[in-house]
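A closer look at the structure
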Amino acid sequence: MANTIELKVPDLGGSHDVPVIEILVKVGDIVAKDQSLVTLESDKATMDIPASQGGKIVEIKVKIGDALNDGSVIALIEAEAGGSASAEKPADKAAGESAAKPAAAAAPAASAAAPATPSTTVSEAPAPAPVATSAAPKAAADSGRKADIECQLVVLGSGPGGYTAAFRGADIGLDTVLVERYAILGGVCLNVGCIPSKALLHAAAVIDEAEAIAAHGITFGKPTIDLDKLRSFKEKVVGKLTGGLAQMAKARKVRTVTGVGTFISPNEMEVQTAEGTKLIRFENAIIAAGSQSVKLPSFPWDDERVIDSTGALELRDVPKTMLVVGGGIIGLEMATVYARLGSEVTVVELADQLMPGADLDLVKPLQARIAKRYKGIHLKTKVVEAKATKKGIEVSFEGESIPDTRVFDRVLVSVGRSPNGNKVGADKAGVEVTDRGFIPVDRQMRTNVKNIFAIGDLVGQPMLAHKATHEAKVAAEAAAGQKSFFDARVIPSVAYTDPEIAWVGVTEREAKEKGLKIGVGKFPWAASGRAIGIDRTEGFTKLLFDEETHRIVGAGIVGVHAGDLISELALAIEMGAEAGDIGRTVHPHPTLGESVGMAAEVYEGTITDLYIPKKK
C-alpha cells in the first residue's frame, strides 16, 4: 500500500523567492531518495533540491519561473508504506537528530552557501564513512571532579583539520583548547606526510630535470647526494610550517595541551601529559584524531628494514633494492623519491592497475614512464610472506606477475590507512564508532552526540588534508551555533608522482558503471606549445560533461603540474560551468592551463589546434 506525501524545499540558508530555472523530473518518474528534483538560482548560487523520500512522482507542483521559499511544495510523491511520514522535514535540521548520517552521504545542501550537484552527477560526492550498525554506546556519567582546564571548545588532534578547527573556533570567539599528543603541532600531514614528502619529491624532480636536459645540450653530470643536507632541507621545510602554527595558536590565544587525550564523558576529556593527568571540561568537542598506516601482519614490523610512509620519510639511507607494497598514491610517491635517489625499485599491487581510484587512461602515461626506470611493476600480485634474514627481507609472492628479486634491502608497505575513531574513548562520550573506526556525522560534522563533532580521516573517504580543513571550519562554526554545512560538490585528488595525476568529480569509469550520459573532451599535450617547449608531451587533459546540460561533471589531468591545474576544474564543477563557459574563457598562451579550455573546445567541436574529422 502506498501513501502520498509532499516533497518540500528545505532551509534555503536565508534566501527568499528563489526562482526555478529547471525541472529535472516529470510525472511518472521513479526517483530515489536524494535525487535532484528542480534547480533553483539565487543571487548567490545555483542549487539542486533533492528528494527527501524515494518513490513515484504523481504531481509536479511548480513550473519554471516560480519563486520558491523554505517549505514550498515541489511535488507529490507516492511512497511505499513504511516510508517516513516526516520525510519532508528540512535536510538542514540535522543537528538534533539522534542517529547522524555520514557527511558525504547526506543530500546536496539546499543552501546558498554552495551549488548542489547536477541531476546526472549522482556519484560526484565522496564515498561516505560506513554507518555504525550497532546502537550508540551509553555515555559515562560526569566524573564530578574539579577540572584543570575549562573551555567552550576542545579540539583533539592538531593536523590540518584540527588546527584549522581550533583557529576558526578562536576567530569566532570560542575559548579554545587544542590537544596534541606530540610536542609539535601539525599532525601527520605537516610532520610526516604531505609536506615532507613534497620537499623530497621536489629534490627528485630536480634530479630528473637535470638528467633530461642533457638530451638538449646542457649537461650537469651525475648528481652527488648528501643525505644529511637533503634531510636537513626537508626538516627546515617542516619546521617553518609547524613553527608558524605555534605562533598562530599563541596569537589567537588558543591554549595547547601536549599529551594523549581520551574522552571520559560527553563533556570531559583526560589528557595524559608529561606532568600527569589533566582533566578538561568542555562545552563542545571536535575529534580530529586522523588515521594511521595499515600494518599487514605478514611483515616483520620489528625489523627496521620494514617501513611505512613515516619511516620512508626519515630517509635513513638509500637502499640498493627496495620493494614497494601497494601501488597507490603514497607508495608511488615514495617510489618516485627513492628511484631518483638511486634505489632499484620494485612495485607490487594487488589490483589490476596502479592507483585504482583513477581512470586507467590517466595512469598509463605514468606507468609507461616509470616502467623504464623501475626494476619492475607487478599487478595482480600480493605478498604471501616476508621474513627478516641477514641478507635482507626475504619475500614470497603469488599472483599473475611474480618479481625476479626475492630479497630486498628495504620494504615499504603502503596499503592504506585506518581511522583512529576507536582510540579516543569515544564510547565513554556516547559517540557511535563503526567496527573499522569511522565516526558517522551529519552535514554539520556533528556526531550522534549533539555537542561532539568529528572531521577528517576518521569520518570517511577521501582521507585528504584539504577535505579535513573545510570540514573543520564547518564543525567550528556549527559548534558556535552558526548555520554552517559541509556542502562541497567535489573533492579533488592528486598524486605527486612524475608525471602527476589529478582528478575531480565523476571519473569516466564511474560514469560508465552508473550509466550516466556523459561526453568527453580530451586534449593531448602533444599539441600543447608549452608541453612541447619543456619536452613533457606525455600528458593530456580530459573533461567530462553531462550530455543533457553540457555542464562539467568531472575532469582528469596527467602531466607535470597536474595538481596545480585541477583547481580550475574543481571550481568549474562547483559553479556549474558549461563547456562553452570553459572553452570561451581566455587562457594565457602558451601555458599548460590552456589545455583545459582546449579540452572543452574538443567536446564542443570548435577546436582549431587539432584536426578532428566530424562524425558522419
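Residues numbered from 1 in each chain as written. Predicted model: local features only at pLDDT ≥ 70, side-chain atom pairs only at ≥ 80, totals over all residues. Heavy atoms only, no water.

For the structure on display, the rule yields two cavities of 30 Å³ or more. Estimates place the volume of the second largest cavity at around 40 Å³. Along the walls of the second largest cavity sit Asp359, Leu362, Trp503, Val504, Val506, Thr507, Lys542, Leu544, Ala555 and Gly556, which together make up its complete lining. Of all the secondary structure elements, the ones that give two or more residues to the lining of the second largest cavity are β27 (500–505), β29 (540–546) and β30 (552–559). (1 Å grid on protein atoms, 1.4 Å probe; cavity = no way out; pocket = protein on both sides within 12 Å on 5 of 7 lines; lining within 4 Å. Points joined across faces, edges and corners; volume = space filled by probe spheres on them. Helix = DSSP H or I, 4+ residues; strand = E, 2+ residues; numbered from the N terminus.)

This part takes up the sheet that holds strand β23 (residues 410–413). Across the sheet, which stays open at both edges, the five strands sit in the order β16-β23-β17-β18-β19 with parallel pairing between neighbours. The open sheet has two free edges, formed respectively by β16 (306–307) and β19 (376–379), since each of these has just one partner strand. As paired strands, β16 and β23 are joined by two bridges and run parallel to one another. Its bridge partner being in β23, Ile307 is matched across the sheet by Leu412. Here helix α6 (residues 329–341) sits on the sheet in contact with β17 (321–325), β18 (344–349) and β23, set at roughly 165 degrees to β18. (Pairing = 2+ DSSP bridges. Contact = heavy atoms within 4.5 Å. Axes fitted to C-alpha atoms, helices over the stretch in contact; angles between N-to-C directions.)

In this section: helix α3 (residues 194–212). Every α-helix carries 3.6 residues per turn, so stepping three or four residues along brings you back to the same face. Along its 19 residues, α3 runs 26 Å from first to last C-alpha, staying within 8% of the 27 Å computed at 1.5 Å per residue. Regarding α3, the residues found buried are Pro196, Ser197, Ala199, Leu200, Leu201, Ala203, Ala204, Ile207 and Asp208. At its buried positions, α3 is contacted by α2 (187–192), α4 (227–251), α5 (309–314), α6 and α7 (360–371). (Expected span 1.5 Å × (residues − 1). Buried < 20%, exposed > 50% of the residue type's maximum accessible area, 1.4 Å probe, protein only.)

Quick look at the layout of surface pockets now. Counted as a void, the second largest pocket has a volume near 790 Å³. Lining the second largest pocket are 31 residues, and of these Ala205, Glu209, Asp498, Arg536 and Val560 lie nearest its centre. Mapped by element, the contributors of at least two residues to the lining of the second largest pocket are α3, α6, α7, α10 (529–533) and α11 (562–574). The element that contributes the greatest number of residues to the lining of the second largest pocket is α3, accounting for nine residues.

Functional significance is not addressed by these values, which are geometric in nature.
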